[in-house]
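Results of the structural survey
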Amino acid sequence: AGFGLGLGLALSSSAFIGGSFVLKKKGLLRLCRRGRARAGQGGHAYLREWLWWAGLLCMGVGEAANFAAYAFAPATLVTPLGALSVLVSAVLSSTFLNEQLNVHGKIGCILSILGSTVMVIHAPQEEEVSSLESMAEKLKDPGFIVFAVCVLVSSLLLIFVAGPRYGQSNVLVYVLVCSAIGSLSVSCVKGLGIALKELFSGKPVLREPLGWVLLVCLVICISIQINYLNKALDIFNTSVVTPVYYVLFTTAVMTCSTILFKEWQHMVLDNIVGSISGFLTIVSGIFLLHAFRDMPFTPSLLPLFLQPGRADLHPPWSSADRHQSCQHQPLLPSEDKGSQSAEEEEEE
């Protein structure tokens, strides 16, 4: 029952989050047409746009469903299902934002979905963390402390060093900030979910300082994610930001869950290969969507036998006047053969 509830919450979360990207982008475009200061340039005029707030509300509902899903299902199941938000965002963007999604992008979205399915099937089972005390012990692990320090240092470098130089031209800068900080926010969500379950069971959770520390850290992480995700959406195409954010966010969360919960230690070889294959499938789909997003795909690029109205240019194979096969053609033209035979006669 808990697994099914977590799965349903994760699916509904993807739908709301995918729609929130489109609503936010629509609000940012309206501000751009009005000549207001853009979010990518440090402006905050989007706070007075109701469409942006509608998108934020949808994201809040999606994140709340995602929050509850983490309390009932492992992070390695909930996180890969975020690929469905890529499909929702791509379809809605092509409908309401007039953003062209070519064949390569559609294939990339399908590959992302297939890869997510494979990862869910072979997802490792994390160790049971049923109380805040066990969560506190895992947060004290030296491996997780090193990971958290690396995330914070790399995020600061991206914000203050790479952001001013490459933030306007490279989609990875701001999205990497959101993904790295998001891996820590998922850990906070998991801990708060455990705290809520203990609270409903009658335990004095409100007296535990760890729950309040996780809540403060979660608010800070979400604020940073919202700020830099808005900058990425304002500068780059939605159908590009969403899948790239998904891949990087999933990678960061899987890495954080592996270090924090030691879930890969009990996996068999089949599940390890399946998880790696699913992740590589997602990366391949994202590459198709990102690398060929500006390449127009018209019917003229198809093979002749697939182009509409061009089938009559190719006579059937059974016709008598079909072209001679290459293996029956002479290797040299007739003139060259004549000159070669004349040279042989002179030598003789």
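What counts, and at which threshold
- Residues numbered from 1 in each chain as written.
- Predicted model: local features only at pLDDT ≥ 70, side-chain atom pairs only at ≥ 80, totals over all residues.
- Heavy atoms only, no water.
- UniProt positions renumbered as here; feature names shortened; annotations may be inferred.
- Helix = DSSP H or I, 4+ residues; strand = E, 2+ residues; numbered from the N terminus.
- Buried < 20%, exposed > 50% of the residue type's maximum accessible area, 1.4 Å probe, protein only.
- Contact = heavy atoms within 4.5 Å.
- Areas by Shrake-Rupley, 256 points an atom, 1.4 Å probe, with all protein chains shown as cover.
- Core = buried A, V, L, I, M, F, W, Y, C linked by side-chain atoms within 4.5 Å.
- Axes fitted to C-alpha atoms, helices over the stretch in contact; angles between N-to-C directions.
- Parallel < 35°, antiparallel > 145°, perpendicular 65-115°, else oblique.
- Left-handed = near helix turned anticlockwise from the far one by under 90°.
- Phe/Tyr/Trp six-rings, centres within 6.5 Å; stacked < 30°, edge-to-face > 60°.
- Polar contact = N/O pair within 3.5 Å; in protein donor to acceptor, adjacent residues only side chain to side chain.
- Patch = residues over 30% accessible without salt bridge, like charges linked within 9 Å, V, L, I, M, F, W, Y side chains within 5 Å.
- Salt bridge = Lys/Arg side-chain N within 4 Å of Asp/Glu carboxyl O.
- pLDDT = per-residue confidence, 0-100.
- Disulfide = S-S within 2.5 Å.
- Expected span 1.5 Å × (residues − 1).
- Arc of directions from axis to C-beta.

Under an unreviewed UniProt entry, the protein has the name NIPA2 protein and belongs to Cephalopterus ornatus. Check the Subcellular location (unreviewed entry) section of the UniProt entry for the protein; it says "Membrane". Quoted verbatim from the Sequence similarities (unreviewed entry) heading of the UniProt record, the comment on the protein is "Belongs to the NIPA family."

**What about the overall build of the protein?**
Broken down by element type, the protein carries 12 helices and zero strands. Taking all 348 residues of the protein together, the buried fraction comes to 43%. In the protein, the share of contacts with a sequence separation of at least 24, taken over all contacts with a separation of at least 6, comes to 82%. Accessible surface, the protein as shown: approximately 19100 Å² in total, 66% of it carbon and sulfur.

**So, the nonpolar core**
For soluble globular proteins, the rule of thumb is that nonpolar side chains tend to be buried together. One finds Phe21, Leu139, Phe144, Val175, Leu184, Leu229 and Val241 to be the most contacted residues of the largest nonpolar core, which totals 73 residues. When residues in this core are grouped by element, the largest group, 14 residues, is from helix H8 (residues 172-200). The residues touching Val241, leaving out its near neighbours within four places in the chain, are Val171, Val175, Leu229, Ala232, Leu233 and Phe236.

**What about the packing of helix H2 (residues 50-72) against H8?**
A pair of packed helices can be characterised by two numbers: the angle between their axes and the separation between those axes. Relative to each other, H2 and H8 sit at 70°, their axes nearing to 8 Å. Here H8 runs roughly perpendicular to H2, going by the angle between their axes. In terms of crossing hand, the pair formed by H2 and H8 is right-handed. For the pair formed by H2 and H8, the contact residues are Phe67, Tyr70 and Ala71 on the first element and Val186, Val189, Lys190, Leu192, Gly193, Leu196 and Lys197 on the second.

**Details of the packing of aromatic side chains**
Overall, the coordinates contain two aromatic pairs when judged by the stated rule. Ring centres of Tyr174 and Tyr228 lie 5.7 Å apart, and the angle between their planes is 35°; on these two criteria the pair is classed as tilted. Of this pair, Tyr174 sits in helix H8 while Tyr228 sits in helix H9 (residues 209-235), placing them 54 residues apart in sequence. Judged by its relative accessible area of 8%, Tyr174 is buried. Under the relative-accessibility criterion, Tyr228 is labelled buried at 11%.

**Considerations on the side chain of Ser183**
Inspection of the secondary structure assignment puts Ser183 in helix H8. Every residue in contact with Ser183, bar those within four places of it in the chain, is listed here: Phe147, Val151, Phe249, Ala252, Val253 and Cys256.

**Observations concerning the environment of Ser187**
Among the structural elements, Ser187 can be located in helix H8. Separated by 31 residues in the primary sequence, Ser187 and Leu218 place their C-alpha atoms 8.8 Å from one another. Excluding residues within four positions of it along the chain, Ser187 makes contact with Met135, Phe144, Cys256 and Leu260. A polar side-chain atom of Ser187 sits 3.4 Å from the main-chain carbonyl oxygen of Ser183.

**A closer look at a nonpolar patch on the surface**
Together, Ile145, Val149, Val153, Leu156, Leu157, Phe160 and Val161 make up a nonpolar patch on the protein surface, roughly 650 Å² of accessible area in all. Here Phe160 is to be found in helix H7 (residues 142-166).

**Looking at the confidence of the model for the protein**
For the protein, the average pLDDT comes to 77, and 77% of its residues sit at 70 or higher. Here residues 315-328 is modelled with pLDDT under 50, and outside its nearest four sequence neighbours on either side it reaches three contacts, counting other chains as well.

**A look at the environment of Lys26**
Here Lys26 shows up in helix H1 (residues 2-33). Using a relative accessible area of 31% as the deciding quantity, one classes Lys26 as partly exposed. Sequence-wise, Lys26 and Trp52 are 26 residues apart; in three dimensions their C-alpha atoms are separated by 7.5 Å.

**A closer look at the environment of Thr258**
Residue placement: Thr258 occurs in helix H10 (residues 238-261). Between the C-alpha atoms of Thr258 and Phe144, which are 114 residues apart in sequence, the distance is 9.5 Å.

**Examining the state of the cysteines**
A full pass over the atoms with the stated rule returns zero disulfides. Cys221 carries a free sulfur, and the closest cysteine sulfur to it, the one in Cys188, is 5.2 Å from it. Assessed through its relative accessible area of 9%, Cys221 is described here as buried.

**Examining helix H4 (residues 83-96)**
Counted at 1.5 Å a residue, the expected span for H4 with its 14 residues is 20 Å, and the 20 Å between its end C-alpha atoms agrees. If you check which residues of H4 are buried, you get Ala83, Ser85, Val86, Ser89, Ala90 and Ser93. Looking down the long axis of H4, one finds its buried residues gathered within 140° of arc, a one-sided arrangement. At the C-terminal side of H4, Asn98 shows a positive phi close to 55°.

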